[in-house]
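# Coordinate analysis (summary)
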Amino acid sequence: MKTIRDIVLDAQGRVYDKELLPEEAVEIIRTLSSVYGNVLSEIQETELKYNHILLAELDKEKTASKAKIKAEVSPEYQDFLKAKNTEKLLIKLLSSLKTFIRSKELEFKAGSNL
């Protein structure tokens, strides 16, 4: 089963691996838009897990900085970062695809005016 991150990375590959057609770009935008809510949910879940780890470390350590460092090497923190980075990638891909579609529309309009 594909993870949300896999879906976003697949979309990234489709965007940058070949000559993209406007119809494909629209399809990718639909796919990415539909998983955006899932990405936000994943961020919320992974951040909560990380915060539990951080809280446990704060109870064990004398200083907050040491507790934070220990919590940031946990798998929960790595999952949280991965989810945040997936969101950033998704947003950049959506922006890039929308720009691509706008430029193709302008090309089409310019070509039809000849």
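To be clear, the structure that these remarks concern was listed above.
This one's a predicted model, so the numbers in the text were calculated from it and none came from an experiment.

In this section: the overall build of the protein chain. A count of helical and extended segments in the protein chain gives 4 helices and 0 strands. Ordered by position in the sequence, the α and β elements of the protein chain form the string α-α-α-α. The contacts of the protein chain with a sequence gap of at least 6 include a subset with a gap of at least 24, amounting to 70%. The protein chain carries 19 positive and 19 negative side-chain charges, and their two centres are separated by 4 Å.

In this section: the side chain of E24. Position of E24 relative to the elements: it lies in helix α2 (residues 22-60). E24 has contacts with R14, K18 and E19, leaving out every residue within four places of it along the chain.

In this section: the packing of aromatic side chains. Under the definition given, this model contains 3 aromatic pairs. When the ring of Y50 is compared with that of F80, the centres are 6.1 Å apart and the planes differ by 5 degrees; the resulting orientation is stacked. One end of the pair, Y50, is in helix α2; the other, F80, is in helix α4 (residues 75-112), and 30 residues separate them in sequence. Ring pairs connect the aromatic residues Y50, Y77 and F80, which therefore count as one cluster.

Grouped together as the largest cluster of nonpolar side chains are 25 residues, with contacts concentrated most on V8, I28, L32, L90 and L97. Elements with a contribution of two residues or more to this core: α1 (4-17), α2 and α4. It is α4 that provides the largest number of residues to this core, a total of 10 residues. Leaving out residues up to four positions away in the same chain, L97 has contacts with V15, L20, A25, I28, I29 and L32.

Bringing the packing of α1 against α2 into the picture now. Each pair of packed helices gets described by two things: the angle between the helix axes and the distance between those axes. Direction vectors running N to C along α1 and α2 enclose 155 degrees, while the axes themselves pass 10 Å from each other. Between α1 and α2, the interaxial angle falls into the category roughly antiparallel. Between α1 and α2 the crossing geometry is left-handed. Two secondary-structure elements touch here, α1 through I4, I7, V8, A11, R14 and V15 and α2 through E24, E27, I28, T31, L32, V35, N38, V39 and E42.

Cut-offs used in this document
- Residues numbered from 1 in each chain as written.
- Predicted model: local features only at pLDDT ≥ 70, side-chain atom pairs only at ≥ 80, totals over all residues.
- Heavy atoms only, no water.
- Helix = DSSP H or I, 4+ residues; strand = E, 2+ residues; numbered from the N terminus.
- Contact = heavy atoms within 4.5 Å.
- Lys, Arg positive; Asp, Glu negative; His and termini not counted.
- Charge placed at Lys NZ, Arg CZ, Asp CG, Glu CD.
- Phe/Tyr/Trp six-rings, centres within 6.5 Å; stacked < 30°, edge-to-face > 60°.
- Core = buried A, V, L, I, M, F, W, Y, C linked by side-chain atoms within 4.5 Å.
- Buried < 20%, exposed > 50% of the residue type's maximum accessible area, 1.4 Å probe, protein only.
- Axes fitted to C-alpha atoms, helices over the stretch in contact; angles between N-to-C directions.
- Parallel < 35°, antiparallel > 145°, perpendicular 65-115°, else oblique.
- Left-handed = near helix turned anticlockwise from the far one by under 90°.

By themselves these figures say nothing about function.
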